[in-house]
Amino acid sequence: ERSIYKEMEELGIYSCVALVIGMILILFISRLLALTITRPVEESYYRQKRFIADASHELKTPLAVISVNMEMLMKNPSNTKYMYYIQQESRKMNRLIEELLAMASIDEEEGVIHKALIDISDVVEGAVEPFEAVAYENGVTLEMQIEPGIYYRADADKLQRLVGILLDNGIKHAEFEKKVIVKLQSDKNYIELFVCNTGREIAKEDQKRIFDRFYRANKARSRSEGRYGLGLSIAKAIVQQHRGRIQVKSADGRTCFRVSFFHRKYSRLFQERTHIV
């Protein structure tokens, strides 16, 4: 009887210990799951909060300049320079609002885009052509090295916007030889787009943050040009929507943006379709 009683006592102790350990494990797992589930929501909330704060801060400057120049114009209506300043700041603010709307649109879509099998070579070439005049006006040599007949499932409009952002950035920052190269190539697994320009290197610490919203390596120069640090963040968002990767490398008087898309299955799909046709 004593041995049975002792065994029951030990069993009771072990059961209690197991119960306590089980409850601790359940509590730990529950907390871990709760944090995992709520983290994206929390990050989204703080990202949106920061986005609104940054946007408000950026809008304050042109509005303040417009307000001051309006007051000066009212005091001296014959001085047309104030009208010029107002017009200049209005254009900057209009550009900022357009970029804010583009970023908000991308955030709202949450990765959902309208894809179709397209000739990405034609899309890239079509996106580059309108910049030939811009490059000429800025004294920049624009060179295209586009491999023909590359097909990919993508949103053509968004890819055009991506190329436009990278080209605009490259032309604006081209120095020394004043040359911008757009290169599109593919192999069995990847499609790669390069937009490179000659000019001063981007510092390593800036390269890590260059795709952050509202980040500008040269704030004074960017503000005077009406650039608000949203273009490259929009480019990154477009690349991510297409499950691609964007990188920057800046050294030896040359800056290159590299966009990579994995496309093996899409190449097969195109080959099957062309074989059937």
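Residues numbered from 1 in each chain as written. Predicted model: local features only at pLDDT ≥ 70, side-chain atom pairs only at ≥ 80, totals over all residues. Heavy atoms only, no water.

Time to look at the state of the cysteines. Evaluated as defined, the whole model comprises one disulfide. Each sulfur of the disulfide joining Cys 196 and Cys 256 lies 2.0 Å from the other. Taking the torsion about the S-S bond as the criterion, the Cys 196 to Cys 256 disulfide, at about 110°, is right-handed. Here the residue Cys 196 occupies a position in strand 5 (residues 190-198), and Cys 256 occupies one in strand 7 (residues 254-262), the gap between them amounting to 60 residues. Residue classification places Cys 196 among the buried positions, given a relative accessible area of 6%. (Disulfide = S-S within 2.5 Å. Helix = DSSP H or I, 4+ residues; strand = E, 2+ residues; numbered from the N terminus. Buried < 20%, exposed > 50% of the residue type's maximum accessible area, 1.4 Å probe, protein only.)

All right, on to the nonpolar core then. One finds Val 124 and Leu 162 to be the most contacted residues of the largest nonpolar core, which totals 48 residues. Apart from residues lying up to four places away in sequence, Val 124 is in contact with Ile 146, Val 163, Val 182, Leu 184 and Leu 193. (Core = buried A, V, L, I, M, F, W, Y, C linked by side-chain atoms within 4.5 Å. Contact = heavy atoms within 4.5 Å.)

Enumeration over the complete set of coordinates arrives at four salt bridges. Its salt-bridge partner being Glu 175, residue Arg 200 comes within 3.1 Å of it at the nearest N-O pair. Here Arg 200, found in the loop between strand 5 and helix 6 (204-207), pairs with Glu 175, found in the loop between helix 5 (156-172) and strand 4 (179-186); they are 25 residues apart in sequence, far enough to count as distant. Using a relative accessible area of 54% as the deciding quantity, one classes Arg 200 as exposed. Judged by its relative accessible area of 18%, Glu 175 is buried. With a shortest N-O distance of 2.3 Å, Glu 192 and Arg 258 are connected by a salt bridge. In this pair, Glu 192 sits in strand 5 while Arg 258 sits in strand 7, placing the two residues 66 residues apart along the sequence. Of the residues examined, Arg 258 reaches a relative accessible area of 33% and is grouped as partly exposed. (Salt bridge = Lys/Arg side-chain N within 4 Å of Asp/Glu carboxyl O.)

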